[in-house]
Amino acid sequence: MTSRSCDCDVITGPALIPTLETEAAACTAHRRQDFKGPSEGPSGNLPPALVDTPGQGELMPRTLDDQITMEKTPSYFVTKEAPIRISAMSMDAKLIVVVRDPVTRVISDYTQTLSKKRPDTPTFESLTFKNRTTGLIDISWSAIQIGIYAKHLENWLQYFPMSQILFVSGERLITDPAGELGRVQDFLGLKRIITDKHFYFNKTKGFPCLKKAEGSSKPHCLGKTKGRTHPNIHPEVVQRLRRFYRPFNMKFYQMTGQHFGWDS
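Residues numbered from 1 in each chain as written. Predicted model: local features only at pLDDT ≥ 70, side-chain atom pairs only at ≥ 80, totals over all residues. Heavy atoms only, no water.

## With respect to helix H4 (residues 102-114)
For H4, built from 13 residues, the straight-helix expectation of 18 Å at 1.5 Å per residue is met to within 8% by its first-to-last C-alpha distance of 18 Å. Inspection of H4 places Pro102, Val103, Arg105, Val106, Ile107, Asp109, Tyr110 and Thr111 among the buried residues, and these make up the whole buried set. In the core, the buried residues of H4 are packed alongside helix H5 (124-128), helix H6 (142-146), helix H7 (149-156) and helix H10 (235-256). One side-chain oxygen of the residue at the start of H4 lies 2.9 Å from the amide nitrogen of Val103, identifying that residue as Asp101. (Helix = DSSP H or I, 4+ residues; strand = E, 2+ residues; numbered from the N terminus. Expected span 1.5 Å × (residues − 1). Buried < 20%, exposed > 50% of the residue type's maximum accessible area, 1.4 Å probe, protein only. Contact = heavy atoms within 4.5 Å. Polar contact = N/O pair within 3.5 Å; in protein donor to acceptor, adjacent residues only side chain to side chain.)

See below:
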């Protein structure tokens, strides 16, 4: 069978790639090209896959008829220029986005910052609030901006229909990985091969892990940057963030037709 440019490109997040590369699904989902993007923020240089150069579609590997080409760059969803450039490469691309509670996400982002152990790291509260007395949230902080999912989705819907976008719940990916991966397999038109038997729960990481990754006899867990213990944030600050995100979450639920339960 001759190689060709792919008919079905899938732009996804890094957490899903190893799972879709299980030995059982390798025949249809094992080809991918990683383009490492900048830090997960709305600003900064574009990932290499989206550099405005001739023949940018050629950056994706050539694909056989029974294969799906997958590419992962977390910053795509929040990069303003990404939708128009990806649609120029392939209007048929399917997009998979893993989302989680934006309050948990912003605390996780700060945890990543703390891990660098810089002595001049500002406090979480000083980054979160423009005015601590009034409780005004500082939306100039990129970690806050990322969690306004409805705003980013509006940008994508100018170039792709909702039928080509799948939002995966980060919470359910932990509590029911096989269920969420079942949705992913359906979305990609794949037979449901990945099931509960492919996972075990790693108590140390606090995440489910693959019992066996493709091409390996060893289990596969998310990297050391995942599963870090979050710092204690004052409950009042958490509640203020929840009030800030609530209207954006409600709009996001309406746009996607999914209720993620972040405001329960």
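## Section: the environment of Val99
Looking at where Val99 falls in the secondary structure, it is placed in strand S4 (residues 94-99). On the basis of relative accessible area, Val99 is assigned to the buried category, the value being 2%. When the C-alpha positions of Val99 and Gly147 are compared, they lie 8.6 Å apart, and in sequence the two are 48 residues distant. Setting aside anything within four residues of it in sequence, one finds Val99 in contact with Tyr149, Phe167, Val168, Ser169, Gly170, Glu171, Phe252, Phe260 and Trp262.

## Description of unusual backbone geometry
In this structure, Lys117 takes a positive phi of about 55° despite not being glycine. Checked against the element boundaries, Lys117 lands in the loop between H4 and H5.

## Observations regarding the environment of Thr123
Among the structural elements, Thr123 can be located in the loop between H4 and H5. The exposure class of Thr123 is partly exposed, given its relative accessible area of 43%. Along the chain, Thr123 and Tyr110 lie 13 residues apart, while their C-alpha atoms are 9.1 Å from each other.

## Some words on the packing of H4 against H10
Direction vectors running N to C along H4 and H10 enclose 125°, while the axes themselves pass 9 Å from each other. As summarised for this structure, H4 and H10 are arranged oblique, according to the angle between their axes. Contacts between H4 and H10 involve Pro102, Val103, Val106 and Ile107 from the former and Val238, Leu241, Arg242, Tyr245 and Asn249 from the latter. Of the residues assigned to the contact of H4 with H10, the class counts are 7 nonpolar, 1 polar and 1 charged. (Axes fitted to C-alpha atoms, helices over the stretch in contact; angles between N-to-C directions. Parallel < 35°, antiparallel > 145°, perpendicular 65-115°, else oblique. Nonpolar A, V, L, I, M, F, W, Y, C, P; charged D, E, K, R; others polar.)

## Some thoughts on the confidence of the model for the protein
Of the residues in the protein, 72% have a pLDDT of 70 or more, and the chain-wide mean is 79. In this model, residues 1-8 is a region of pLDDT below 50 whose contacts with residues beyond four sequence positions or in other chains number 18 contacts. (pLDDT = per-residue confidence, 0-100.)

## Structural notes on the side chain of Glu71
Here Glu71 lies in strand S3 (residues 69-72). With a relative accessible area of 1%, Glu71 lands in the buried category. Of note is the side chain of Glu71, whose polar atom sits 2.9 Å from the side chain of Thr73.

## Observations concerning the nonpolar core
Membership of the largest hydrophobic core comes to 21 residues, with the highest contact counts inside it found for Phe77, Val99, Trp156, Phe167 and Phe252. Of all elements in the fold, only helix H3 (82-89), S4, H7, strand S7 (165-169) and H10 reach the threshold of two or more residues within this core. In terms of residue count, H7 provides more of this core than any other element does, 4 residues in total. Apart from residues lying up to four places away in sequence, Phe77 is in contact with Val97, Tyr149, His152, Leu153, Trp156 and Phe167. Counting 17 residues, the second-largest nonpolar core is a separate cluster that includes Val106, Ile107, Leu241 and Tyr245. (Core = buried A, V, L, I, M, F, W, Y, C linked by side-chain atoms within 4.5 Å.)

## Section: the packing of H7 against H10
Here H7 crosses H10 at 35°, and the two axes come no closer than 8 Å. In this structure, H7 contributes Tyr149, Ala150, Leu153 and Glu154 to the contact, and H10 contributes Phe248, Lys251, Phe252, Met255 and Thr256.

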